[in-house]
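Inside the fold
If you want the building blocks of each chain, they are given just below.
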Amino acid sequence: MDLETMKSKWKKILLWSGGFVLAAIAVAKVVDINERPKRVASILNIPSLPKSARVIDCNAAFIPTDVVDTCSIEIDANDFPDLLSGYNFSESPTTETSHSAVFTKVGPEFPLAVEFTAVPKELKHGGHVKVLADRERRRAVIDLYVE
């Protein structure tokens, strides 16, 4: 086999391999996007998200000893209380933004007005679930932190 033939075969192998990797990444992204509503519902300990909820973005931070999972959502204000039904949340005002209030920035930045925090008993070593919302309660960031 001459050198040109070997180069041609390696190029084909690399192109096919690269195409396969790109296709696998695309499939993984589609699966992730389709699973996001279940992911957010699981974080909030509710059976499912209200129909009006739309998950904008999710991101999990890599920290070897902890879990940090954050999602940005939009929701009809009338459905917002349904997000809080899974845990006993405490409510407090906040003046931060959706990017400054959490470890992982997700979705477009918006001003926050209220923070709901729960410390589930299942998080035996520490952590929290937070729902941070704008004044109208139409946009929110859902934040899970597990130590």
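This text gives an overview of the structure that appears in the document. It should be emphasised that the depicted structure is a prediction, and the values quoted were computed from it without experimental measurement. (Residues numbered from 1 in each chain as written. Predicted model: local features only at pLDDT ≥ 70, side-chain atom pairs only at ≥ 80, totals over all residues. Heavy atoms only, no water.)

Here the structure, examined in full by the defined rule, presents six salt bridges. The closest approach of N and O atoms between R54 and E74, which form a salt bridge, is 2.9 Å. Placement of the pair is R54 in strand β1 (residues 54-63) and E74 in strand β2 (residues 66-74), with a sequence separation of 20 residues. In this structure, K130 engages E115 in a salt bridge whose closest nitrogen and oxygen atoms are separated by 3.4 Å. You can see K130 sitting in strand β5 (residues 127-133) and its partner E115 sitting in strand β4 (residues 114-118), a full 15 residues away along the chain. Here K130 and E115 have matching classes, each one buried. (Salt bridge = Lys/Arg side-chain N within 4 Å of Asp/Glu carboxyl O. Helix = DSSP H or I, 4+ residues; strand = E, 2+ residues; numbered from the N terminus. Buried < 20%, exposed > 50% of the residue type's maximum accessible area, 1.4 Å probe, protein only.)

So, about unusual backbone geometry. The phi dihedral of N45 falls on the positive side, at around 60 degrees, and the residue is not glycine. Structurally, N45 can be placed in the loop between α1 (3-44) and β1.

As a further point, take the packing of aromatic side chains. If you walk through the whole model with that rule in mind, you get two aromatic pairs. On the numbers, 5.8 Å between centres and 50 degrees between planes, the contact of F80 with F116 is tilted. Of this pair, F80 sits in helix α2 (residues 80-83) while F116 sits in strand β4, and the two are 36 residues apart along the sequence. Accessibility expressed as a relative area gives 1% for F80, which makes it buried. For F116, a relative accessible area of 4% translates into the label buried. Arranged with centres 6.2 Å apart and planes meeting at 75 degrees, the rings of Y87 and F89 form a pair that is edge-to-face. Just as Y87 is buried, F89 falls in that class too. (Phe/Tyr/Trp six-rings, centres within 6.5 Å; stacked < 30°, edge-to-face > 60°.)

Two strands pair when backbone bridges link them, and β1 and β2 are joined in this way by nine bridges, in the antiparallel orientation. For D57, the partnering residue across the bridge sits in β2 and is S72. Linking β1 to β2, which pair antiparallel, is a turn of two residues. (Pairing = 2+ DSSP bridges.)

So, about the sheet that holds strand β3 (residues 90-93). Pairing is antiparallel in the open sheet, where six strands are placed in the order β1-β2-β6-β5-β4-β3. The strands lining the two open edges of the sheet, one partner per strand, are β1 and β3. Adjacent strand axes in the sheet meet at a mean angle of 15 degrees, parallel and antiparallel pairs treated alike. Here β2 pairs with strand β6 (residues 139-146) via eight bridges, running antiparallel. By the bridge assignment, I73 is partnered in β6 with A140. (Axes fitted to C-alpha atoms, helices over the stretch in contact; angles between N-to-C directions.)

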